[in-house]
Amino acid sequence: MDRRTFLAKSAGLLLGSLFVSRIPVSAESFLPPAAGPPRIALIIDDIGFNLRRAEQFLKADIPITFSVLPRLCWSVESALALHAPGHEIMLHQPMEPFSTKVDPGPGAIFVNDRPERIHHVVAENIATLPNVVGVNNHMGSKYTQQPQKMGQALDVVRNRGLFFVDSLTTGHSAAYACARQMGMSTIRRDLFLDNQREVRSVIRQMKRLRARALKHGSAIGIGHPRPDTVEGIMRFLETPESRDVAFVYISQIL
């Protein structure tokens, strides 16, 4: 190839590359990856009294995080059975309520407990349950208002590499703020699903939870192992409204 031919071909390639660079590229190439649908995390508390009732939620065939009370007759068996299909397990740590007429149950911690007892009880509760990845409070309207006492309990949770969910059993809870100050992975619930124990109310709460997820990107609902609760969730899943949200485990929205 002589010099003249070489220069002509080179010029052609250069012009071609310039024209190609001006060809519009699809706008999708410049967009960030599409965000996933709004996410809902469901926590079912008070597991450990009755395995059969807890297993009813498996029919929903969605991710559910089960929070297990410690030291009950079905605590360990429930944690094993519910984790077997892949569901997340949390410790539902009993804490002191304001009412002296209500017993928070075995493995509870109280405001007047010495730090050493709090550390021991929480550590033992975690150790007795298999597959625990996080902790949330059971009751605790009195205990969770005490930042110093919450710090003593959360110190054990943090040292075990677990996350914490504030159940917000009182609007004055200091638990979430305390966990954040300690640098923990933490979050608060948005709604209780079954304060009213009827199917229609649970469906309404699920719709409210969906609306919150659509607005904020995610939402957390807490329910309990009751027939009306599982039926309400199942009925919501049959509605068209359930199709524009994704159900995830609580660890996936921390």
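Presented here is an overview of the structure given in this document. These figures come from a predicted structure and were not determined experimentally. (Residues numbered from 1 in each chain as written. Predicted model: local features only at pLDDT ≥ 70, side-chain atom pairs only at ≥ 80, totals over all residues. Heavy atoms only, no water.)

### Notes on helix α3 (residues 75-83)
Along α3, the positions that sit buried rather than exposed are Ser 75, Ser 78, Ala 79 and Leu 82. Each buried residue of α3 sits inside an arc of 100° when the element is viewed along its axis, so together they form one side. The inward-facing, buried residues of α3 abut β1 (39-47), α2 (51-55), β2 (65-68) and β3 (88-95). (Buried < 20%, exposed > 50% of the residue type's maximum accessible area, 1.4 Å probe, protein only. Helix = DSSP H or I, 4+ residues; strand = E, 2+ residues; numbered from the N terminus. Arc of directions from axis to C-beta. Contact = heavy atoms within 4.5 Å.)

### Digging into helix α7 (residues 199-216)
Two residues of an α-helix separated by three or four positions point the same way, owing to the 3.6 residues in each turn. The end-to-end C-alpha distance of α7, which contains 18 residues, comes to 26 Å, matching closely the 26 Å that a straight helix rising 1.5 Å per residue would cover. Among the residues of α7, Val 199, Ser 201, Val 202, Ile 203, Gln 205, Met 206, Leu 209, Arg 210 and Ala 213 are the ones counted as buried. The elements touched by buried residues of α7 are β1, β7 (191-192), β8 (218-223), α8 (227-237) and β9 (246-248). Of the residues flanking the end of α7, it is Gly 217, one or two places downstream, whose phi is positive at about 100°. (Expected span 1.5 Å × (residues − 1).)

### Section: the environment of Phe 247
Inspection of the secondary structure assignment puts Phe 247 in strand β9. Excluding residues within four positions of it along the chain, Phe 247 makes contact with Ile 40, Leu 42, Ile 62, Pro 63, Met 206, Phe 236 and Leu 237.

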